[in-house]
Amino acid sequence: MAKTFISKLDSYALITIALLAVVVSIWQVNHQRKHDRISLMPYVSWITESQGDTISHKVWNKGAGPAIITDYTFEINDSLFNSWKPGFLYADPTITPVKEVTFGTYILAPNEILTLVAYKTGVRKGGTIQISISFESVYGDKKEDYLRSTL
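Residues numbered from 1 in each chain as written. Predicted model: local features only at pLDDT ≥ 70, side-chain atom pairs only at ≥ 80, totals over all residues. Heavy atoms only, no water.

Chemist: What is the right way to look at the nonpolar core in this model?
Modeler: Side chains of a nonpolar character, in soluble globular proteins, are inclined to be buried together. Counting 26 residues, the largest nonpolar core has Val59, Trp84, Phe88 and Ile131 as the members making the most contacts within it. If you list the elements that add at least two residues to this core, you get β1 (44-51), β2 (54-61), β3 (67-76), α2 (84-91), β7 (113-120) and β8 (128-136). Setting aside its immediate chain neighbours within four residues, Val59 contacts Val44, Ser45, Trp46, Ile69, Leu108, Glu112, Ile113, Leu114, Leu116 and Ile133. (Core = buried A, V, L, I, M, F, W, Y, C linked by side-chain atoms within 4.5 Å. Buried < 20%, exposed > 50% of the residue type's maximum accessible area, 1.4 Å probe, protein only. Helix = DSSP H or I, 4+ residues; strand = E, 2+ residues; numbered from the N terminus. Contact = heavy atoms within 4.5 Å.)

Chemist: I would appreciate a short explanation of the pattern of salt bridges in the present structure.
Modeler: As a working rule, side chains carrying opposite charge can pair if their charged atoms are close by. Considering all chains together, one arrives at three salt bridges under this definition. One salt bridge in this structure joins Asp141 and Arg37, with 3.1 Å as the shortest N-O distance. Taken together, the residues span a long stretch of sequence, with Asp141 in the loop between β8 and β9 (142-150) and Arg37 in helix α1 (residues 5-39) at a distance of 104 residues. Of the residues examined, Asp141 reaches a relative accessible area of 23% and is grouped as partly exposed. (Salt bridge = Lys/Arg side-chain N within 4 Å of Asp/Glu carboxyl O.)

Chemist: Looking at this model, I keep getting lost on the sheet that holds β1. Mind explaining?
Modeler: Strands pair in a sheet through their backbones, by hydrogen bonds, and they do so in one of two ways: parallel or antiparallel. Pairing is antiparallel in the open sheet, where four strands are placed in the order β1-β2-β7-β5. Either end of the sheet is taken by a strand with one partner, and the two such strands are β1 and β5 (96-100). For this sheet the average axis-to-axis angle between neighbouring strands, irrespective of direction, equals 15°. Pairing analysis gives four bridges linking β5 to β7, with the strands arranged antiparallel. The residue bridging Glu100 from the neighbouring strand is Val117, located in β7. (Pairing = 2+ DSSP bridges. Axes fitted to C-alpha atoms, helices over the stretch in contact; angles between N-to-C directions.)

Chemist: It is not clear to me how the packing of aromatic side chains should be interpreted in this structure. Could you clarify?
Modeler: Any aromatic ring pair is given by two values, namely how distant the centres are and how the planes are angled relative to each other. For the coordinates displayed, the defined rule picks out seven aromatic pairs. Ring geometry for Tyr72 and Tyr106: centres 6.4 Å apart, planes at 40°, overall tilted. Here Tyr72 is found in strand β3, whereas its partner Tyr106 is found in strand β6 (residues 106-108), with 34 residues between them in sequence. Since its relative accessible area comes to 2%, Tyr72 is described here as buried. The rings of Phe74, Phe81, Trp84, Phe88, Tyr90 and Tyr119 are connected pair by pair, giving a single aromatic cluster. (Phe/Tyr/Trp six-rings, centres within 6.5 Å; stacked < 30°, edge-to-face > 60°.)

Chemist: Where do I start with the environment of Val44 in this structure?
Modeler: With respect to the helices and strands, the residue Val44 is situated in strand β1. For the pair Val44 and Pro110, spaced 66 residues apart in sequence, the C-alpha separation works out to 9.6 Å. Those residues in contact with Val44 that sit more than four places away from it in its chain are Val59, Trp60, Ala67, Ile133, Phe135 and Asp145.

Chemist: Mind showing me how you'd approach a nonpolar patch on the surface here?
Modeler: A contiguous nonpolar patch, built from Phe5, Ile6 and Leu9 and spanning about 350 Å² of accessible area, is present on the exposed surface. Relative to the assigned elements, Leu9 resides in helix α1. Judged by its relative accessible area of 45%, Leu9 falls in the partly exposed class. (Patch = residues over 30% accessible without salt bridge, like charges linked within 9 Å, V, L, I, M, F, W, Y side chains within 5 Å. Areas by Shrake-Rupley, 256 points an atom, 1.4 Å probe, with all protein chains shown as cover.)

Chemist: How should the side chain of Ser149 be read in this particular structure?
Modeler: Tracing the chain through its elements places Ser149 in strand β9. With near-sequence residues (within four places) excluded, Ser149 lies in contact with His57, Gly127, Thr128 and Ile129.

Chemist: Could you clarify how one ought to interpret unusual backbone geometry in this entry?
Modeler: Residues other than glycine predominantly adopt negative phi, and peptide bonds predominantly adopt the trans conformation. Phi angles above zero are rare outside glycine, and Asp78 is one such case at about 65°. By the element assignment, Asp78 lies in the loop between β3 and β4 (79-81). According to the relative accessible area criterion, Asp78 is exposed, its value standing at 61%. We note that Asn111 has phi near 65°; this positive angle belongs to a residue other than glycine. Within the secondary structure, Asn111 is located in the loop between β6 and β7. Overall, Asn111 belongs to the exposed group, its relative accessible area being 56%.

Read these as spatial facts, not as claims about activity.
Below, the structure is given as structure tokens:
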């Protein structure tokens, strides 16, 4: 039995439809992966609160996914320190740390706030403090952010 032109056309149409279905499925999977990656991105924001003579610097994860803080540093008057007390002694010996977090790796859950440092202001006014953090998402996307404030 010889194939007619219509039966050949049916075969080609079925093959074309099947290939297009595979292409659309691959596109949809890639699109879903990008969406999943974006929907779990952390979004870090800074909060500086002042209550009387106490100032606190906090980091807030406003994103939907956890922020894995891999490193953070701080500078006072453009001098880099790896601990809060020596930094404050350098800036003004009358500054008293009230609450401080030691340097290390932290996992900041969505909508969680971490107080990095709280301190009572000193006699001298002026100078700057800059806190820089490096963090990544659960997918390994690396980001950095910083807070610059006056002492």
